[in-house]
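Chain by chain, the residues:
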Amino acid sequence: MTLFDVAVIGGGPGGYTAALYAARAGLSVLVLEKLSPGGQLATTDVIDNYPGFPEGVGGFELAMNMKGQAERFGVQSKSAEVLSCSLTGEVKELSTKKETFRARTVVLAMGAYPRELGLPGERELRGKGVSYCATCDGMFYRGKTVAVVGGGDTAAADALYLSRLCEKVYLIHRRDTLRASRSYLPLLEQAGNVEFLWNTQVEELLCEGALSGVRLKNSLSNETRELSCAGVFVAVGSVPATELVRGQVELDPAGYVPADETTRTSLPGVFAIGDLRKKPLRQVVTAVADGAVAVHFIEEYLNG
Amino acid sequence: MEIVTLTKENFDQTLGGQQPVLVDFWASWCGPCRMFSPIVDEFAEDNEGKVIVGKVNVDEEPELAGRFHVMSIPTAILFRGGQPVGTLVGVQPKEKLEELLEN
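Residues numbered from 1 in each chain as written. Chains lettered and ligands numbered in written order. Predicted model: local features only at pLDDT ≥ 70, side-chain atom pairs only at ≥ 80, totals over all residues. Heavy atoms only, no water.

Break down the overall build of chain B for me, with residues and values.
A count of helices and strands for chain B gives four helices and five strands. The N-to-C order of helical and strand elements in chain B reads β-α-β-α-β-α-β-β-α. Computed over the C-alpha atoms, the radius of gyration of chain B is 12 Å, within 12% of the 13 Å expected from 2.2 N^0.38 for a compact globule of 103 residues. Expressed as lengths along the three principal axes of its C-alpha atoms, the size of chain B is roughly 30 × 30 × 25 Å. Of all 103 residues assigned to chain B, the portion counted as buried reaches 51%. Contacts in chain B between residues far apart in sequence, at least 24 positions, make up 69% of those at least 6 positions apart. Accessible surface for chain B amounts to roughly 5100 Å². Of this, 49% is attributable to carbon and sulfur atoms. Distance between charge centroids for chain B: 3 Å, based on 8 positive and 17 negative side chains. (Helix = DSSP H or I, 4+ residues; strand = E, 2+ residues; numbered from the N terminus. Rg over C-alpha atoms; globule rule 2.2 N^0.38 Å. Buried < 20%, exposed > 50% of the residue type's maximum accessible area, 1.4 Å probe, protein only. Contact = heavy atoms within 4.5 Å. Areas by Shrake-Rupley, 256 points an atom, 1.4 Å probe, with all protein chains shown as cover. Lys, Arg positive; Asp, Glu negative; His and termini not counted. Charge placed at Lys NZ, Arg CZ, Asp CG, Glu CD.)

Right, dumping it as structure tokens:
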């Protein structure tokens, strides 16, 4: 059975950059991706803040380019989910449904997934009015009224995307200003069909079979009101996808891996990059940086 | 093996063969369809000789989409003997397509 120098769990921008750098350093590399290259990047319509693209670039297109680039230098990719792993020995083992892969080092690049609101009935309404991906599901709400919950970049981008498809978009945020990058605000205002509901939280999801609306509460006035809408797009942050390594790799209380800029984790030969690492800024560009830096320390580890 | 572009002209003929046929319903404006496409391609390659894989562009072939009540895309339907025997809606990992084929 092949012993890879590097196995990367996750084929997002971080994973494929680590793979690219490792391959170019002459190491044998395997990337294991359970669904689609890109991860969160794949469902992002346009990226305007990744340097090098004056007109912006499609998220999925960028992800596929990163994959192609890595494969050009000999990186192997497998479409499979790592279901269990053993990371503590000198030889690390990663098991999918069908096979077990062995590697001298492992890069944890599983990223993060959208946080839920935590409301009753939310899980049941997923796909029936509750969505965590505007670009995936926006089309089904063409011409309808929808709500986006959140105040960060994702919420702003989602609201903008939906404003072009939907009759009306309510952007519901618990604070009185967006956390999102300032460049979104004028675009949202110019859209004409985006209404901001500040200091507001969703208390209840209302449904008659499928979602019919939300009950909102204004935190300043304590007033509640019902808002009819066909869809609720949740964009209230993300959760690191680190359950796979819990118990082996040290995690902080929020589930992030407390690796610093070196990307080294509590386990020798295991490196954490991208959104699942404890860091001040989670963007494609910082995930990519982590991927490159990880390889520097992978080489140090392999030569040491 | 080539992935077959299915139209109302060649649909019944393609499904009339001995092998099962996996049909991927997609559209150009559908982000998840773009994500699903390489997964379907890999499935086709891995299972060459065991299954025929075809794609239906729902904008170009609305009758085919309507015939099988496809309302959400991507949708993958497995056909045996010309009859639909299993459906997957949304982007799926390759393993799920393989499970569909095995059952």
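The rest of the description comes next.
Outline the nonpolar core, supporting the account with residue identities and numerical values.
Residues and elements named next belong to chain A. If you look at the biggest cluster of nonpolar residues, it comprises 31 residues, and the most contacted ones within it are Val-6 and Val-29. Going through the elements one at a time, strand E1 (3-9), helix H1 (13-24), strand E2 (29-33), helix H2 (59-72) and helix H6 (284-303) are the ones with two or more residues in this core. Per-element tally for this core: the top contributor is H6, with seven residues. Excluding its chain neighbours within four sequence positions, the residues that come into contact with Val-29 are Phe-4, Val-6, Val-8, Ala-19, Ala-22, Ala-23, Val-75 and Gln-76. Of all hydrophobic cores here, the second largest spans 23 residues; its members include Val-106, Ala-259, Val-270 and Ala-272. (Core = buried A, V, L, I, M, F, W, Y, C linked by side-chain atoms within 4.5 Å.)

Give a detailed account of the sheet that holds strand E3 (residues 52-57) of chain B, specifying residues and quantitative values.
Residues and elements named next belong to chain B. Taken together, the five strands give an open sheet; going across it, the order is E1-E3-E2-E4-E5, and neighbouring strands pair in mixed fashion. Bordering the open sheet on either side are strand E1 (4-5) and strand E5 (83-89), each of which pairs with just one other strand. When strand E4 (residues 75-80) meets E5, the two strands line up antiparallel, connected through six bridges. Directly across from Leu-78, in E5, lies its bridge partner Gly-86. (Pairing = 2+ DSSP bridges.)

Report on the interface of chain A and chain B, specifying residues and quantitative values.
At the junction of the two partners, chain A supplies 16 residues and chain B supplies 17 residues. Both sides together, the interface formed by chain A and chain B hides about 1400 Å², and carbon and sulfur atoms give 62% of it. Counting the surface chain A buries against chain B, the share from its top three residues, Leu-35, Phe-60 and Ser-79 of chain A, is 35%. For the pair chain A and chain B, the interface holds two salt bridges. For Lys-97 of chain A, the salt bridge is made with Glu-99 of chain B, and the minimal N-O distance between the two is 2.8 Å. Joining chain A to chain B, the criterion identifies three residue pairs in polar contact (both at pLDDT 80 or more). (Buried area = accessible area lost by both parts, 1.4 Å probe. Salt bridge = Lys/Arg side-chain N within 4 Å of Asp/Glu carboxyl O. Polar contact = N/O pair within 3.5 Å; in protein donor to acceptor, adjacent residues only side chain to side chain.)

For the packing of H1 of chain A against H6 of chain A, give the residues involved together with the corresponding values.
Residue and element names in this part refer to chain A. It is the contact of H1 with H6, at a shortest axis distance of 7 Å, that shows an interaxial angle of 30 degrees. The angle between H1 and H6 places the two elements in the roughly parallel class. At the point where H1 passes H6, the crossing takes the right-handed sense. Seen from H1, the contacting residues are Pro-13, Gly-14, Thr-17, Ala-18, Tyr-21 and Ala-22; seen from H6, they are Val-284, Ala-287, Val-288, Gly-291, Ala-292 and Val-295. In the contact of H1 with H6, the residues fall into nine nonpolar, three polar and no charged. (Axes fitted to C-alpha atoms, helices over the stretch in contact; angles between N-to-C directions. Parallel < 35°, antiparallel > 145°, perpendicular 65-115°, else oblique. Left-handed = near helix turned anticlockwise from the far one by under 90°. Nonpolar A, V, L, I, M, F, W, Y, C, P; charged D, E, K, R; others polar.)

Kindly report on the environment of Asp-41 of chain B, identifying the contributing residues and their values.
All names here are of chain B. By secondary structure assignment, the location of Asp-41 is in helix H2 (residues 31-46). Considered as a pair, Asp-41 and Lys-94 are 53 residues apart in the sequence and their alpha carbons are 9.6 Å apart. For Asp-41, the residues in contact, after removing those within four places along its chain, are Ile-3 and Lys-55. Polar contacts involving the side chain of Asp-41 include one to the side chain of Lys-55, which spans 3.1 Å.

Quick rundown of the state of the cysteines? Include the residues and the values.
Scanning all chains against the criterion turns up one disulfide over all chains. Bridging Cys-30 of chain B to Cys-33 of chain B, the disulfide has an S-S length of 2.2 Å. Between Cys-30 of chain B and Cys-33 of chain B the disulfide shows an S-S torsion of about 85 degrees. By sign, it is right-handed. Like Cys-33 of chain B, Cys-30 of chain B is buried. Here Cys-229 of chain A stays unpaired: no disulfide links it, and the sulfur of Cys-166 of chain A, its closest cysteine neighbor, is 11 Å away. (Disulfide = S-S within 2.5 Å.)

Which residues make up the sheet that holds strand E16 (residues 224-228) of chain A, and what values do they have?
Residue and element names in this part refer to chain A. Read across the open sheet, the three strands follow the order E14-E15-E16; overall the sheet is antiparallel. Of all the strands in the sheet, just strand E14 (200-208) and E16 have a single pairing partner and so form its edges. Along the sheet, successive strands turn relative to each other by an average axial angle of 25 degrees, direction set aside. In this sheet, E16 lies alongside strand E15 (residues 210-218) in antiparallel orientation, the contact comprising five bridges. Looking at E16, one finds that Lys-217 is bridged to Thr-224.

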